[in-house]
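# Understanding the architecture of this molecule
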Amino acid sequence: MEKRLRSSLQTSAEEFLSSAAKLPFKSSKSAIKTLINTSVKPASDLTSSLPLALCNSISHSISRYKNLHDSTFAGSPVTPPAKRARRSSRNKKEDGVSSTQHRENGRQSIVGKLQVYAYVLRLCVFHPKSAFSASDLLPAAQELHDNLILFESDSILLSEIASLCEEWWKGDLLGKETLISQSLPVMLSRSLTLKKKVDVHRVYTLREAFMLFDFEDESIEDLKHLLIRCVISPLYLKTEEGRKFIAFMFGFCVQLMKEVCAMIKSQIPFGRKSMLEAYGEIIFRAWKAAEGECKYEIENGFLQGLIEGAIYASSAALAASIRRILGGFLSNRTTEGAEKLIFCLAEPIIFRSLQVANSNVRQNALHLLLDLFPLEDPDATKEAKDTLLEKQFFLLDKLLMDECSDVRAVAVEGSCRILYLFWEVIPSPIITKNITRIFDDMAHDACTEVRLSTVNGVIYLLGNPQSHEVLKVLLPRLGNLIMDSTSAVRAAVADLLLLLNDIRNFHFHKVVSIDILVSTLANDQPLVARKITKLLIPSYFPSKVMEEEACKRMITLIKRSPTAGARFCEFAALEGASLRSLMKLFKVLSDLIMSSVKLDEEIVEGLLVAASHLCTNLAKDASFELALREELSAEKLKTFFTVASTLRAQSSICNIISTMSLDAVGDLFEDGMGLINRFCGLSDIIERQAEIRSAHKMILSCGWFDDMFGVLVGCLQKAACGCHKKFGIELGKQNVGSAIRRTKSSIKVSSKSKHCNGQRSSNTDINRFSEDYASAVGVSWQIKDLLLHENSRKAMLGSRHLESAYSALKVISEASVLYCLQYDYLNTWSVSAYTTLTLHMSLHNIKTDALISDLTLDHLLHCANNVFRANHSNTSDNDSLPSESLNSTNTKIAPGYSKDTRECQTGTSLTKQLRISNMVKMLTAVLKFVADATAMNLVTRSQDRCLNFTTENVKFIITNLREHSIAQSHITEDLKDIFICLKSSLTYSSKLLNIMLKACEDSSCQAGAYSLVNELFNLIVSVEEFLGYGYAARLVTVIQPWVPDMILALGSNCLGKQTPDKGICSDSSENAAFHLPSWFYILARVELCEQRDTNSDDDTEGDQHAKDFSAFKRLVEIMSMLLKSNNKILDAVGAILLTGSLSALQSKKFDLVLGLLHFVSVKLVSPEDTEWKELKLMLASIEEIYPKVEREAEELGNNESDRQKLYSAKALLEPVWASFTYDDRRHSMEEE
């Protein structure tokens, strides 16, 4: 190859270029380079012939490339070609492919030649002996450069030519300015596309070349867009040369600078911290290099706008982002002119803004002042500077007492920061005044954030050693904050004490006494307790003393405060205590518990809890696990239970056994059951629940679960028998007698258990049943809790007592639902356990006679229907409110009802409300089961009954809302509980509605869904009427995701029909309007109220009442917006509302007619909308309504008010009637 090239080079320049162009470019590069660098001498003829030959070859190749390019992309002729002889499609295809392939091959060949020519040209330009003249080579370079845009699809050739132009510029060769107009945009675009740092470097090195462009010319727009893209390119902002290049761009022209500044401003709300800081550096560099108009624009346009934006920003986050950009100047304020500029821009506005009425502006201005501090004029006299500084301190002191807590919080931290930075130069009187204000006033501020900022500010201030002498005296004033009501403040004080512990000559116990620290350790949250443990480790468990001495100190702490000592052991390993020392401590604690030394039960409890925590930490390390097992023998564990007289102590032993998964634990079953059998108040006491869980874990780890579950089921069966005797509820197939015997023989209550439960005050059946029921509630809680964890759930579902538990819960749940309104002690736990157990049995395919989910569903729906029937019968028999009749002692719900006045009393209004609240919770638990079982496809039938139950449940809630609004003059916990149930019921009802609409298509399901959705709307209206806007607004937020399903259910009966059903809005043909949903009336009232808003003096009481339904109006607006997006559903729902207005017209409810028609004709579809053509159902309704409204208005007597309402209704319908209905009827008659 090299010989052939050398021979051609000796022949002529043209022959050399022709030979080189025929060789592969990559493989021939080294040979070409060697020949040109060694064979071409300055005196050779090639120095003059080769540049000319290069220029000619390049021009010829580019001409061929253009011709080939034009033929490839030439447009087709306007007229079709003349008809030619038919050829086979196969030949056509082959000819087309061969022609395209031929053109592509030709293009590739030309590109290959141009690559060689460009490479040869580059070698000639930078010949080691400067054999070639740049002026001779310039025409060839210009030819390549001027046609650069042709080769945008050939990246290698493009890069080769761009590199040639770049090197030409760097070499400062003749005509360099003619080789940049095309090459610079290429390199700039390449850097933005490939995102490589080397390309950014190349652009930066050519930055001076950009100054040759005329940025005022219109043809430069593409380049300007590329430059603007650099401003938001992460690569340019990340690299130093990229930031320098963007700063250099500011000098190209004023207009481009303004566009760059606008782009930077647009990025401020969304920019990350690093991006904003990069912009700050860029602006500072640009300002420093700028002159004249450009500098003026940066200072008085961009920077002045940033200063104002930082003060008047709409949010704290936006203000902080702006200050990050200003930080580029603040960090370089020592640069000449920077300090003066900052002062001139900020001084006229910042002091005024610190005293305005808007607290957000004051806060933003304060943040800016703290960043600028000290704000001073470098050219001012010392007296002027001192005056300005005093003004700043005066305003800071004033803002420390600002009425806005957010401003005070910023002021206190800012003051501490200023003291930290400038302690040495701030006059002593100012330091004394500021720091006294902080410690005496801010530390006791009513706002938590201010107190927290005070502690954090003092921690920051401690970083300046000059402040230590003063702080040593003042810090004890912060000691009381360790008992602050907010955990964040207490944690900050703990951090302060930890910092003091590391500073020489400071003693944390002089700030907070050891007694208070120990008390806080015992009672505070884990975060604070762990910090205090770290603080006390050097005192109570130091690593620098012998292990025996450390253990003695630990025992001292436990005896001083058993709870604190136990929590110390909980966090000691996490805070650096060695596991070896902790193992030694565990043995010491174990020996002390086993010793004959008489200890208080509180200390024994502390020792056992501490041992449990140590065991948990040590068991994580396998090297200590064997030693722990050897230490914990069955005899020792039995002794532990013997000395443990408190529930917490016994729970700790259970934790030790379950943590170590000990096998040889002896006969500890009764000890574990002693914990589990204590059911009193279990569902409400968190500490008791934790103790029970520890006993569950121990029994499960020891393999005694089935025995424990048998005992629990025995308690349930005993309560079930009580329900049978008291209420006459039938028992299941289980042998009741044997169940009772098993219960008596299984439950062995220890003396400790007897002590907890106490002696029964009376042996009457009433007291006995209430105690048995309370035990069943505790067992129900345990069953539900056990089902939450995989291991215990698996054991329960495999137990031989499972069916007995289910049967007993069924009986107890039935009694709880049916008689909840008569007895205060009946609650929801049994129902919740019953439904949860059913779901898990169904999911795990536990075999029963029938599908267990269907059995449970039928049972609970039957019970609920009995409650609803009693409610309806009592409502019809009495004129009182339905909720009052439900509380009557004469309500007969089921056979066997007890009328014992000692148990079942009507009681006070509060008692009634408590029972109603309990009933609502009970029905909510049933509704949850219905929704969950349906969602899991566990309900094979009874979909209609599920919808009917849900509808009746919502009606029951609405019925009882009025009594709450009357009886409750203030918000009680009972009302809060009911509202929580309301939100849950709303969610479960909507979820069920969604499932049913997807699964069921028959008319009965559609009717049930329609009834349910109307009751849900009624519920929203009732809550807003009886409980107020706040509660209703929260319900609307809850139901908002389900509004599409509600709309679909509302129009489900009409979807797919050609004409609306006449009775669709009513339950009967007679008095139809009286059966319209109540939300129809409120909707009509709201519409009429809005219609009369222009004449506020004429507001009636009803209109004023309608104005109060703001939450309902919001819901209607959401519904209207969704309806407008689907004409088919809009048609169905509109037909429902129009049918309702027709029913109202028949019943002479003209307000209702006008309100509904106004909503349909104004809010849903305006008369001029062309969408009416697609709304067939609504047009059919209007065709029926319009003549009746017209006839009714004519037949009215002297009632001018009603006639005017009907005329208004007619006016609403008339445009639609005339445009769509009447015209269609006339056209059809003309055609006939």
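Residues numbered from 1 in each chain as written. Predicted model: local features only at pLDDT ≥ 70, side-chain atom pairs only at ≥ 80, totals over all residues. Heavy atoms only, no water.

## Examining the overall build of the protein chain
A tally of helices and strands in the protein chain yields 57 helices and zero strands. The burial tally for the protein chain puts 52% of its 1232 residues in the buried class. Looking at the protein chain alone, contacts between residues at least 24 apart form 75% of all its contacts between residues at least 6 apart. Of the accessible surface of the protein chain, which amounts to about 56,700 Å², a share of 50% is contributed by carbon and sulfur atoms. (Helix = DSSP H or I, 4+ residues; strand = E, 2+ residues; numbered from the N terminus. Buried < 20%, exposed > 50% of the residue type's maximum accessible area, 1.4 Å probe, protein only. Contact = heavy atoms within 4.5 Å. Areas by Shrake-Rupley, 256 points an atom, 1.4 Å probe, with all protein chains shown as cover.)

## Side note on empty space enclosed by the protein
A complete count under the given rule lists three cavities of 30 Å³ or more for this structure. Taken as a whole, the second largest cavity spans an internal volume of roughly 80 Å³. Residue lining of the second largest cavity: L303, I307, L326, F329, L330, L341, I342, L345 and L372, and that is the complete set. Those elements that place two or more of their residues in the lining of the second largest cavity are α15 (292–312), α16 (316–330) and α17 (338–353). Residues belonging to the lining of the second largest cavity are distributed by class as follows: nine nonpolar, no polar and no charged. (1 Å grid on protein atoms, 1.4 Å probe; cavity = no way out; pocket = protein on both sides within 12 Å on 5 of 7 lines; lining within 4 Å. Points joined across faces, edges and corners; volume = space filled by probe spheres on them. Nonpolar A, V, L, I, M, F, W, Y, C, P; charged D, E, K, R; others polar.)

## Some remarks on the environment of S1161
Mapped onto the fold, S1161 is located in helix α55 (residues 1150–1164). By relative accessible area, S1161 is classed as buried at 2%. Residues within four places of S1161 in sequence aside, it is in contact with S1166, P1167, L1212 and L1213.

## Some thoughts on the packing of aromatic side chains
Scanning the model with the defined rule gives 31 aromatic pairs in all. Arranged with centres 4.2 Å apart and planes meeting at 15°, the rings of F727 and Y819 form a pair that is stacked. Of this pair, F727 sits in helix α36 (residues 705–727) while Y819 sits in the loop between α41 (802–818) and α42 (829–843), and the two are 92 residues apart along the sequence. The exposure class assigned to F727 is buried, which follows from its relative accessible area of 0%. Judged by centre distance (5.5 Å) and plane angle (45°), the rings of Y806 and Y834 are tilted. Note that Y806 is positioned in helix α41 and Y834 in helix α42, a separation of 28 residues in sequence. No difference in accessibility class separates Y806 from Y834, as the two residues are buried. One aromatic cluster is present, built from ring pairs that chain together F210, F213, F215, Y236, F245, F248 and F252. Here the basic side chain of K295 rests over the ring of W287, its NZ or CZ set 4.8 Å away from the ring centre. Just above the ring of Y1031 sits the side chain of R1034; from NZ or CZ to the centre is 4.7 Å. (Phe/Tyr/Trp six-rings, centres within 6.5 Å; stacked < 30°, edge-to-face > 60°. Lys NZ or Arg CZ within 6 Å of the ring centre and 35° of its normal.)

## A closer look at the environment of D1045
For D1045, the position within the fold is in helix α50 (residues 1043–1050). The residues touching D1045, leaving out its near neighbours within four places in the chain, are L993, N994 and L997.

## A look at the environment of K238
Within the secondary structure, K238 sits in helix α11 (residues 234–238). Judged by its relative accessible area of 60%, K238 falls in the exposed class. In this structure the C-alpha to C-alpha distance between K238 and S274, which are 36 residues apart in sequence, comes to 8.2 Å.

## With respect to unusual backbone geometry
A cis amide bond links F373 to the next residue, P374, at an omega of -10°. Looking at the element boundaries, P374 is found in the loop between α18 (359–372) and α19 (382–400). The phi angle at K195 is positive, at roughly 55°, despite the residue not being glycine. In this structure, N505 takes a positive phi of about 70° despite not being glycine. Inspection of the secondary structure puts N505 in the loop between α24 (487–501) and α25 (514–523).

## Brief notes about the side chain of H1158
Relative to the assigned elements, H1158 resides in helix α55. Accessibility expressed as a relative area gives 10% for H1158, which makes it buried. Not counting residues within four places of it along the chain, the set of residues in contact with H1158 comprises E1087, Q1091, K1163 and L1212.

## Examining helix α40 (residues 790–797)
Taken as a whole, α40 has its buried residues at S792, R793, M796 and L797. What you see down the axis of α40 is that its buried residues fit within an arc of 130°, all on one side. In this structure, α40 carries E790, N791 and K794 as exposed residues pointing more than 90 degrees from its buried face. (Arc of directions from axis to C-beta.)

## Some words on a negative patch on the surface
A contiguous patch of negative charge, built from D214, E216, D217 and E218, is present on the exposed surface. Residue placement: E216 occurs in the loop between α9 (197–205) and α10 (221–231). For E216, a relative accessible area of 59% corresponds to the exposed category. (Patch = residues over 30% accessible without salt bridge, like charges linked within 9 Å, V, L, I, M, F, W, Y side chains within 5 Å. Salt bridge = Lys/Arg side-chain N within 4 Å of Asp/Glu carboxyl O. Lys, Arg positive; Asp, Glu negative; His and termini not counted. Charge placed at Lys NZ, Arg CZ, Asp CG, Glu CD.)

## Here we look at the packing of helix α34 (residues 669–676) against helix α35 (residues 686–702)
Between α34 and α35, the shortest axis-to-axis distance is 9 Å and the interhelical angle comes to 155°. The pairing of α34 with α35 is recorded here as roughly antiparallel in orientation. Of the two possible hands of crossing, α34 and α35 adopt the one that is left-handed. When α34 is examined against α35, the residues F669, G672, M673, L675 and I676 are found in contact with a partner set consisting of R688, E691, I692, A695, H696, M698 and I699. Within the contact of α34 with α35, the residues separate by chemical class into eight nonpolar, two polar and two charged. (Axes fitted to C-alpha atoms, helices over the stretch in contact; angles between N-to-C directions. Parallel < 35°, antiparallel > 145°, perpendicular 65-115°, else oblique. Left-handed = near helix turned anticlockwise from the far one by under 90°.)

## Side note on the state of the cysteines
Under the counting rule described, the total for this entry stands at zero disulfides. No disulfide involves C654; its sulfur sits 8.7 Å from the nearest other cysteine sulfur, which is in C702. Look at C654 and you get buried, because its relative accessible area is 0%. (Disulfide = S-S within 2.5 Å.)

## Description of α18
Here α18 is 14 residues long and its end C-alpha atoms lie 20 Å apart, about the 20 Å a rise of 1.5 Å per residue gives. Looking at the packing, one finds that the buried side of α18 touches α15, α16, α17, α19 and α20 (405–422). You can read the cap of α18 off the contacts: a side-chain oxygen lies 2.8 Å from the backbone nitrogen of N360, and it is on N358. (Expected span 1.5 Å × (residues − 1). Polar contact = N/O pair within 3.5 Å; in protein donor to acceptor, adjacent residues only side chain to side chain.)

## Here's the deal with the side chain of N918
With respect to the helices and strands, the residue N918 is situated in helix α45 (residues 909–935). Judged by its relative accessible area of 12%, N918 is buried. Among the polar contacts listed, one links the side chain of N918 to the backbone oxygen of L826, at a separation of 2.2 Å. Once you skip the residues sitting within four places of it in the chain, N918 turns out to touch C820, D824, L826, N827 and T828.

## Things to note about the confidence of the model for the protein chain
The predicted coordinates ought not to be read in detail in places where the model reports low pLDDT. Here the protein chain averages 84 in pLDDT, while 85% of its residues score no lower than 70. Counting contacts from residues 75–90, a segment whose pLDDT is below 50, to residues more than four positions away or on other chains yields two contacts. Below a pLDDT of 50 lies the segment residues 735–763, which in the model reaches 37 contacts outside its immediate sequence neighbourhood of four places, other chains included. (pLDDT = per-residue confidence, 0-100.)

## Topic: the pattern of salt bridges
With the rule as written, the count across this model stands at 54 salt bridges. Residue D199 pairs with R202 through a salt bridge whose shortest N-O separation is 3.8 Å. With D199 and R202 both in helix α9 and three residues apart, the pair spans about one turn of that helix. Grouping residues by exposure puts D199 and R202 together as buried. In this structure, the salt-bridge partner of D441 is R437, at a minimum N-O distance of 3.5 Å. Judged by its relative accessible area of 21%, R437 falls in the partly exposed class. Each of E166, K170, R190, D199 and R202 takes part in a single network of salt bridges with overlapping partners.

## Topic: the packing of α20 against helix α22 (residues 448–461)
Between α20 and α22, the shortest axis-to-axis distance is 8 Å and the interhelical angle comes to 10°. Regarding the angle of α20 to α22, the classification is roughly parallel. Facing α20, whose interface residues are S405, R408, A409, V412, E413, C416, R417, L419 and Y420, α22 presents E449, V450, S453, T454, N456, G457, V458, Y460 and L461.

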